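Given next are the chains, with one letter for each unit.
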Amino acid sequence: MKEIQDHSKIFVMAGEASGDAIAATVIECLKTQHPGIEIYGAGGQKLKAAGQKQCLDLTPDAVMGAAEVILKLPKFFSYFKQIVKEIENTHPDILLLVDYPGFNLRLAKAIRKKSPQIRIIYLISPKAWAWKSGRAKILEKNVDLLISIFSFEMDWYRWKCPSLKVEYVGHPMVDELEKIQVPANRDRHILGIFPGSRRREIQHILPPLLDAARRIKERSIINKIFIAAPNELAAEQVRAVIHSQSAKYPTATYDIVTGMSREVAAQSFVGIVKSGTITAECAYLGLPMVVVYKAGLLEAFLMWIFVRVKYFSLVNLIAGREVVRELAQFYVTGPKVAQETLKLINNLKANQECARGLSEVRQKLGTAGAAGRAATLINEVLKKDELALL
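Residues numbered from 1 in each chain as written. Predicted model: local features only at pLDDT ≥ 70, side-chain atom pairs only at ≥ 80, totals over all residues. Heavy atoms only, no water.

Asks: Hey, could you run me through helix 1 (residues 17-33) in this one?
Replies: Residues three or four positions apart in an α-helix share a direction because the helix packs 3.6 residues into each turn. Over its 17 residues, helix 1 runs 25 Å from end to end, which matches the ideal 24 Å to within 8%, given 1.5 Å per residue. Those residues of helix 1 not exposed but buried are Gly19, Asp20, Ile22, Ala23, Ala24, Val26, Ile27 and Leu30. (Helix = DSSP H or I, 4+ residues; strand = E, 2+ residues; numbered from the N terminus. Expected span 1.5 Å × (residues − 1). Buried < 20%, exposed > 50% of the residue type's maximum accessible area, 1.4 Å probe, protein only.)

Given below as structure tokens:
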């Protein structure tokens, strides 16, 4: 019988800040379950801190919208070739793809064709239930295991792709969110603004939100406005937008908080939140909010044609009903955002009703330990491969 040496390798591909953070928590759990495992790949600072031997950091190049993707195509083709070569040179046992479907689904197809012996696991399923449903069949054909962080996604994929192995683990962020202290009575004077992490989305969304903040301050008891930036790159872009708007609002003041979005969500009375993962985090922390989304014209046109869901925010999708007010595209104006946000500030009944709905969403996000459960699923795949060597 052949003795197995514990030299297992995983290549992790995470192209955005949110995926980098979730992947890092999973890898940290996996290393405790499978000591000696080697982690390679492309990711951000959190994966690097978790021990990833990194060939690339794509997170600064995260894009928003079809137009920006087209402009950066040459750079992404170069990244793609480099990563395929790195995978071939590394010979990993598992390729772990984290979110980032435009890039990662192509990578799954390429590696399945070039190196069929590599097990491919996809963490955080693409939103094929909302648009681009053909992506589900790409997963079914090229991926060995899909790990879902939302239960409704697992149900949809199991219906759409019967031969695809899909497992639900809950959201890895719950472990960290449980540690956040939420005051019993929120300070009614604090408004939190969450404009996203990408340069383009901050450029699109923040100007009308600054206008809304000014109007809210004039018509409510709000006297402190926190703008949450997930990292320093986002904070720099926030400062740039505020500077560009300074002529319009010369007396406006904001507190830019970097790397502490969850703490801002816990302390604020109401939030204005750009659609994305952060909305689920704010929901878990019980922050009544208005969710906004604004893309470029081309991206908006494509979504109008192809998107097939009633809601666009994760909060309402998880709840299966409208818990938070959603505003998109031409409705994302200073007056309209202010109007909807003021309802949550000046009407305590509306605020409390939203909070009750968010409590339901919190229950549906699952319990702590999701990262550990995801790590266990990955470890089981590794063990099966090891047993095959006996």
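Asks: Sorry if this is basic, but what is going on with the environment of Thr279 here?
Replies: Within the secondary structure, Thr279 is located in helix 12 (residues 277-284). Of the residues examined, Thr279 reaches a relative accessible area of 0% and is grouped as buried. In this structure, the C-alpha to C-alpha distance between Thr279 and Val290, residues eleven residues apart in sequence, is 9.4 Å. When neighbours within four sequence positions are excluded, Thr279 is seen to be in contact with Val273, Lys274, Met289, Val291, Leu314 and Val315. (Contact = heavy atoms within 4.5 Å.)

Asks: For this particular structure, what's the right way to read the side chain of Thr341?
Replies: With respect to the element layout, Thr341 can be found in helix 15 (residues 334-346). Note on Thr341: relative accessible area 0%, which makes it buried. Ignoring anything within four residues of it in the chain, the contact list for Thr341 reads Leu191, Ile216, Val270, Ile272 and Val290.

Asks: Before we go on, may I ask you to explain the pattern of salt bridges in this structure?
Replies: Close approach of charged atoms allows side chains with opposite charge to pair. According to the stated counting rule, one finds 18 salt bridges in the structure shown. A salt bridge links Glu281 to Arg262; the shortest N-O distance between them is 2.9 Å. Separated by 19 residues along the polypeptide, Glu281 in helix 12 and Arg262 in helix 11 (residues 261-267) bring together distant segments of the chain. For Arg262, a relative accessible area of 24% translates into the label partly exposed. (Salt bridge = Lys/Arg side-chain N within 4 Å of Asp/Glu carboxyl O.)

Asks: Would you explain the packing of aromatic side chains in this entry?
Replies: How two aromatic rings sit relative to each other is set out by the distance from centre to centre and by the angle between their planes. For the structure on display, the rule yields five aromatic pairs. One Lys or Arg, Arg362, reaches over the ring of Tyr284 and ends 4.0 Å from the middle of that ring. (Phe/Tyr/Trp six-rings, centres within 6.5 Å; stacked < 30°, edge-to-face > 60°. Lys NZ or Arg CZ within 6 Å of the ring centre and 35° of its normal.)

Asks: How should the sheet that holds strand 11 (residues 270-274) be read in this particular structure?
Replies: Within a beta sheet, neighbouring strands are joined by backbone hydrogen bonds and run either parallel or antiparallel to one another. With parallel pairing, the six strands of this open sheet are ordered in space as 10-9-8-11-12-13. Edge positions in the sheet fall to strand 10 (255-258) and strand 13 (325-328), since each of these pairs with one other strand and no more. Taken over all neighbouring pairs, the strand axes of this sheet differ in orientation by 20 degrees on average, direction set aside. Across four bridges, strand 8 (residues 190-194) lies against strand 11 in parallel orientation. In the strand pairing of strand 11, Leu191 is matched with Val270. In the packing of helix 9 (residues 199-218) onto the sheet, contacts are made with strand 8, strand 9 (224-229), strand 11 and strand 12 (289-293), and the angle to strand 8 comes to roughly 165 degrees. Here helix 10 (residues 232-244) sits on the sheet in contact with strand 9 and strand 10, set at roughly 165 degrees to strand 10. (Pairing = 2+ DSSP bridges. Axes fitted to C-alpha atoms, helices over the stretch in contact; angles between N-to-C directions.)

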